[in-house]
Amino acid sequence: MTTAAAMNITREEAAARAAALTVDAYEVSLDLTRGAEHFRTATTVTFAAAEDAVGTHTWIDYVAGQAPSVTLNGEALDVADFDGARLRIGPLAAQNTLVVDGLGDYSNTGEGLHRFVDPVDQEVYLYTQFEVPDSRRMFAVFEQPDLKASFHFTVTAPAHWAVVSNQPEASRRTLGVVANEENPQGVDAAVWEFKPTPRISSYITALVAGPYASVHSELTSADGRTIPLGVYCRASLVEHLDAENVFELTRQGFEFFEAQYGHAYPFEKYDQLFVPEFNAGAMENAGCVTFLESYVFRGTVPEALIERRAITILHELAHMWFGDLVTMRWWNDLWLNESFAEFMSTLAAAENTQYTGAWTTFSSMEKNWAYRQDQLSSTHPIKARIRDLDDVLVNFDGITYAKGASVLRQLVAWVGQENFMVGVRAYIAKHAWQNTELPDLMTELEAASGRDLSEWTRVWLETSGVNTLRTEVETDEAGTITALRLRQSAPDGSPSAPGDDVLRPHRLAVGFYDVDEATGRLIRTERFELDVAGEVTEVVEAAGRRRPAVILPNDDDLAYAKLRLDDASWEAASTRLKDVDGSLARTLLWGAAWDTVRDGEASAAWFVDLVLANVGHERDSSVVQTLLRQLATAIGLYLPEDQAEAVRVAAADRLWGLVAEAEDGSDNQLQFVKAFALHARTTAQLDRLAALVDGTRTVPGLDLTTDLRWELLTALVAAGRAGEAEIAEAERADATATGALAAVQARAAVPTAEAKRAAWDRVMAGELSNTEQRQALIGFARVHDAALIAPFADAYFEGVEAMWDSRSHEMAETAATLGYPAAQVTPEIADRATALSERLADTRAGLSRVLAEGRDETVRALAAREAA
């Protein structure tokens, strides 16, 4: 069995290996015709050893269940002590040729080379996912980002498949029927040879293979080259593939990024592939980007999801320059890789696509994620300490993505957008095809802006926690402002406010909003942009002006900080929230309201009323989606049990009223129907829901898609109003992979002890794929009475450690996170999570963190209930 120690790589080990080796090229030959368990993988690596490394030994990474054959410079090496993850090689010559030939293992966890069988046609679909350390699951490789090399792939596969990699095909030849010991009946096969890649890191290499359907187009790059474009998905989904929308966004992204980066697209083609059972949203493989298959929409979905797909498409395209062309030296700069792509994708969406309100979406979704993550005990500096691969695996979080992107936006405000882009262009020109560290970028930004960014870097990137900005205003008897101050406070390091005691500099705006007599709207009448530093900053320009109805700090959302308005502003804003002009301004007010509830300064019942009174007037789909999710959290976790049910019933009735008030066929109508289904509890409410599912009742304009029907049916199942017969009938009607996953969730939602036990046991037995495990746990937690799953808290705390040790990282983290007894909001659960987290802190840091974050949310829910 491969040990955790063997799988890990420390930063010190990687630095030593990088100093010792220069890798030239990989020749990787794969045979995908050998059956369901294994594939043949043969790798030839040519590399040089530094003078002081000649005669020494090193290792190459290779993860497999059985040892391969290995030769170094023509001499066979002994692999008897192969530990499942590392092959010891040496003694090294000045110039070396290493050949590793063995059997690789397909996965069903979304790591390495993932294998999926489509239930519609029984066809096999493969794809790779290599970030962070999983290219070693497909071929032998020096698995670290700073050992860039050229990769030349040759693939043998069934002749009717499509095979896609980073580079265009160089050739394809048919073989006829090929048989082997694992596939004695043989398969009609062909061989694809791909052009060698430029020098890139191993984690962005890729292979996607299977009978994928595709649509093709092209564009002209800034340097005049024709760039072929492809969009792929499984054959059984191609009728739903909106390739033209993907191509349009891709062209808009190319135009924007080539201009902003000052560098033409660096690769030869650009394929985008929607693949099954993908763990993340997408992956920026060079010229061969993979996406979550849920982005192929089988019917009408909320506009928020369509916009999310657009941002994801732009995010991955942004990486082609920042991440793929220029790559971090080590994973401590992962934040910069991801934050930069997150910032640039939103900027591109706002400035060069139809999504001109992208910064509203960013504020509503990404910043909310960042603020939540930054107030957990696991918060860390944006520039995190990454000692080894175990550290980086747990840092794909709201700090790395959302806070980092928020802080980059603050940096752009601080130095000016044009100066920022001048610095970025110089950085890319200087470091193309190389590896860099944060100071390389900051040097160019300082040169472009003329600002010393050393202190900015220290306080924003090397400390943790979120500051709070409070508005203080003084007026005279005539209502004229005599003083307007912004008071900044630091997190105090307590469990409820974790982080470092630091006051950060902010470039931000303060907006004045007053009632427009003609429209009744609260419109912005004045805006003051200024630098804020230290504990108190005077807004000098405001003095002598008439006090407006609302004073909004951080107008336009340039800064990263929690907001607290003065009492009079909040009174006006909360009573007239729907009248505030501008979706971004309203979103900032919504965020401030939600923060006060999360911090125990306002009751969850008040927030529920605020949402239900105003959400029907929102037109930004992502904002509506966020508010409805917060509504569910407020009712489900932040209200005392003796209040929650009555509030939920009243909320469901109001949501149904919002369905009726919404425009027929509108995005709001769809989202309100989905929210109603989640909260429906009374007989009358469930009757209404059942009538929608069976068709005896309709909602004018509502597109009752297959996926929406599953969602409504699962709500009925969780309520005990439907069961196995209805689930089986729906599964027969939707005999697809998506239908099968929906059925897994629905069966886990059946409100009986037996059904919950069955779902829990399947997860703990490890018999499910990555997506099946996720759906089972989501369904398991779908209960009307938390007492139904309360007995499983013991099973969780007693079994989670063994489960963690026996699974891959992705599978273990998902099970530990979704299996945490979040519905049991009690001090006992918090205490058990604390005790186990502390015991495992030194031995299983990833699991310790999952437990601590679960505990944090339980403690916050307890405090919110106390406030209520």
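Right above here is the structure, for reference.
Structural notes, computed from the coordinates. The numbering scheme is per chain: residues are counted from 1 as the chain's sequence reads. Residue-level local features of this predicted model are given only where pLDDT is at least 70; pairs of side-chain atoms are given and counted only at 80 or more, and the full residue set underlies all totals for whole chains, interfaces and linings. Only hydrogens and water are set aside when side-chain values are computed; all heavy atoms of the structure are taken into account.

If you tally the helices and strands in the protein, you get 27 helices and 28 strands. Taken over C-alpha atoms, the radius of gyration comes to 28 Å for the protein, in line with the 29 Å a tight globule of 868 residues would show. For the protein, the C-alpha atoms occupy an extent of roughly 90 × 70 × 55 Å along the three principal directions. Working definition: with a 1.4 Å probe on protein chains only, accessible area under 20% of the residue-type maximum means buried, over 50% means exposed, and in between means partly exposed. Burial status across the protein gives 60% buried among its 868 residues. For the protein, the share of sequence-separated contacts (at least 6 apart) that also reach a separation of at least 24 residues comes to 72%. Surface accessibility follows the Shrake-Rupley procedure with a 1.4 Å probe radius. Residue values consider only the protein chains on display as shielding. Element-wise, carbon and sulfur atoms account for 49% of the exposed surface of the protein, whose accessible area totals about 31,700 Å². We count a stretch as a helix when DSSP gives it H or I for four or more residues in a row; a strand needs E for two or more, and each element gets its number in order from the N terminus. As a reference, a globule follows 2.2 Å times the number of residues to the power 0.38, and the radius of gyration itself is taken over C-alpha atoms. Here, residues are in contact when the closest pair of their heavy atoms is within 4.5 Å.

Moving on, we get to the pairing of strand β7 (residues 95-105). Two strands pair under a simple rule: DSSP has to find at least two bridges between them. With 11 bridges joining them, strand β2 (residues 38-49) and β7 adopt antiparallel strand pairing. Paired with Thr46 across the bridge in β7 is Thr97.

End to end, helix α22 (residues 753-765) covers 18 Å across 13 residues, agreeing with the expected 18 Å (1.5 Å per residue, within 8%). Residues of α22 that are buried: Ala755, Lys756, Ala759, Trp760 and Val763. Along α22, the residues classed as buried sweep out an arc of 130 degrees about the axis, all on the same side. For α22, exposure combined with an orientation more than 90 degrees from the buried face picks out Glu754 and Ala765. One less than the residue count of a helix, multiplied by 1.5 Å, gives the span that helix is expected to have. The arc under discussion is defined with respect to the helix axis, by the directions toward the C-beta atoms.

Attention shifts here to helix α23 (residues 770-780). In terms of residue burial, α23 counts as a mostly covered element, since eight of its 11 residues are buried. Among all positions of α23, only Asn770, Thr771, Gln773, Gln775, Ala776, Leu777, Gly779 and Phe780 are buried. In this fold, the buried residues of α23 make contact with β8 (112-117), α21 (737-748), α22, α24 (792-806) and α25 (809-819).

With that out of the way, let us pick up the sheet that holds strand β27 (residues 550-555). In space, the three strands of this open sheet follow the order β25-β24-β27, with antiparallel pairing throughout. Among the strands making up the open sheet, the edge pair consists of β25 (522-532) and β27. With direction set aside, neighbouring strand axes in the sheet form an average angle of 25 degrees. Direction of pairing for strand β24 (residues 506-515) relative to β25: antiparallel, over a ladder of 10 bridges. The residue of β25 that forms the bridge with Ala509 is Glu529. Packed onto the sheet, helix α8 (residues 399-415) meets β24 and β25 and runs at close to 90 degrees relative to β24. All axes here are fitted lines through C-alpha atoms, helices being fitted over the stretch that makes contact, and every angle between N-to-C directions spans 0 to 180 degrees.

Once that is clear, we can look at the packing of aromatic side chains. Two rings belonging to Phe, Tyr or Trp (six-membered ring only in the last case) form a pair when the distance between their centres is within 6.5 Å. Interplanar angles under 30 degrees mark stacking, angles over 60 mark edge-to-face geometry, and anything in between is tilted. Taken as a whole and judged by the stated rule, the model has 48 aromatic pairs. An angle of 25 degrees between the planes, with centres 6.3 Å apart, marks the rings of Tyr261 and Phe340 as stacked. Highlighted residues: Tyr261 in helix α3 (residues 243-261) and Phe340 in helix α5 (residues 334-352), separated in sequence by 79 residues. Accessibility assignment for this pair places Tyr261 and Phe340 in one class, buried. Counting as a charge over the ring demands two things of the Lys NZ or Arg CZ atom: a distance within 6 Å of the ring centre and an angle within 35 degrees of the ring normal. In this structure, Arg115 packs its charged tip against the face of Tyr106, placed 5.9 Å from the ring centre. In this structure, Arg451 is placed above the aromatic ring of Trp414, and the distance from its NZ or CZ to the ring centre is 4.3 Å.

Right, let's talk about the state of the cysteines for a bit. Note that a disulfide, as used here, is simply two cysteine sulfur atoms within 2.5 Å. Scanning the entire structure with this criterion turns up zero disulfides. The thiol of Cys233 is unpaired, and the distance to the nearest cysteine sulfur, on Cys288, comes to 15 Å.

Buried and open spaces are told apart on a 1 Å grid over the protein atoms alone, a cavity being a set of points where a 1.4 Å probe fits but cannot get out and a pocket being an open set with protein on both sides within 12 Å along at least five of seven lines. Residues with an atom within 4 Å of a point are the lining residues. Grid points are joined across faces, edges and corners, and a volume is the space filled by probe spheres set on the points. One pass over the structure, following the stated rule, counts six cavities of 30 Å³ or more. Considering only enclosed or pocket space, the largest cavity measures out at about 130 Å³ in volume. Lining of the largest cavity is provided by 15 residues; of these, Ser363, Tyr371, Leu588, Gly591 and Ala592 occupy positions nearest its centre. Elements represented by at least two residues in the lining of the largest cavity include exactly α6 (358-374), β28 (562-564) and α13 (583-598). Domain assignment of the residues forming the lining of the largest cavity places at least three in each of domain 2 (327-467) and domain 3 (469-492 + 510-595). Roughly 70 Å³ of volume is contained in the second largest cavity. Where the lining of the second largest cavity is concerned, the elements lending two or more residues are β20 (327-328) and α5. Domain delimitation follows an automatic or database domain assignment.

Further remarks concern the packing of helix α14 (residues 604-614) against helix α15 (residues 621-638). Where α14 contacts α15, the axes come no closer than 9 Å and their chain directions differ by 150 degrees. By the angle between their directions, the pair α14 and α15 is classed as roughly antiparallel. Between α14 and α15 lies a crossing of left-handed hand. Residues Ala604, Phe607, Val608, Val611 and Leu612 of α14 form the contact with α15, whose participating residues are Leu627, Gln630, Leu631, Ala634, Ile635 and Tyr638. Three categories are distinguished: nonpolar for Ala, Val, Leu, Ile, Met, Phe, Trp, Tyr, Cys and Pro, charged for Asp, Glu, Lys and Arg, and polar for the others, with Gly belonging to the last. Of the residues contributing to the contact of α14 with α15, the split by class is 10 nonpolar, one polar and no charged. An angle below 35 degrees is read as roughly parallel, one above 145 as roughly antiparallel, one from 65 to 115 as roughly perpendicular, and any other as oblique. Rotating anticlockwise by less than a right angle from the far helix to the near helix defines a left-handed crossing, while the corresponding clockwise rotation defines a right-handed one.

What follows is about the sheet that holds strand β14 (residues 207-210). Pairing is antiparallel in the open sheet, where four strands are placed in the order β8-β9-β14-β11. The two strands at the open ends of the sheet, each matched to only one other strand, are β8 and β11 (162-165). When the angles between neighbouring strand axes are averaged without regard to direction, this sheet yields 10 degrees.

Let us look at the pattern of salt bridges. Oppositely charged side chains may form a pair once their charged atoms are brought near each other. What counts as a salt bridge is simple: a side-chain nitrogen of Lys or Arg found within 4 Å of a carboxyl oxygen of Asp or Glu. Taken as a whole, this structure holds 61 salt bridges when the rule is applied. Salt-bridge contacts for Arg308 lead to Glu366; the nearest nitrogen and oxygen are separated by 2.9 Å. Here Arg308 is found in helix α4 (residues 303-319), whereas its partner Glu366 is found in helix α6, with 58 residues between them in sequence. Taking the shortest distance from any N to any O, the salt bridge between Arg598 and Glu857 comes out at 4.0 Å. Remark: Glu857 occurs in helix α27 (residues 845-867) and Arg598 occurs in helix α13; sequence separation between them is 259 residues.

A word on the pairing of strand β19 (residues 288-292). Looking along a regular strand, one sees the side chains alternate between the two faces of the sheet. With four of five residues buried, β19 is to be regarded as a mostly interior element. Pairing of strand β17 (residues 270-275) with β19, which is carried by five bridges, proceeds in the parallel orientation. Following the sheet pairing, Gln272 is matched in β19 by Val289. Pairing of strand β18 (residues 282-283) with β19, which is carried by two bridges, proceeds in the antiparallel orientation. Directly across from Met283, in β19, lies its bridge partner Thr290.

On to the environment of Lys383, then. If you trace the backbone, Lys383 turns up in the loop between α6 and α7 (389-393). In this view, Lys383 contacts Asn332, Asp333, Trp335, Leu438 and Leu461; residues no more than four positions away in its chain are not counted.

Further remarks concern the packing of α3 against helix α9 (residues 417-431). Relative to each other, α3 and α9 sit at 85 degrees, their axes nearing to 8 Å. As the angle between them shows, α3 and α9 are arranged roughly perpendicular. The segment α3 lies against α9, with Ala259, Gln260 and Tyr261 engaging Met421, Val424, Arg425 and Ile428.

This part is about unusual backbone geometry. Trans is the prevailing form of peptide bonds, just as negative phi is the prevailing case for residues other than glycine. With an omega of 0 degrees, the peptide bond running from Gly90 to Pro91 counts as cis. The topology assignment puts Pro91 in the loop between β6 (86-89) and β7. Not every positive phi belongs to a glycine, and Asn73 is a case in point at roughly 55 degrees. Take Asn73: it is sitting in the loop between β4 (69-72) and β5 (75-76). Positive phi, normally seen in glycine, also occurs at Glu277, with a value near 55 degrees. Positionally, Glu277 belongs in the loop between β17 and β18. Judged by its relative accessible area of 13%, Glu277 is buried.

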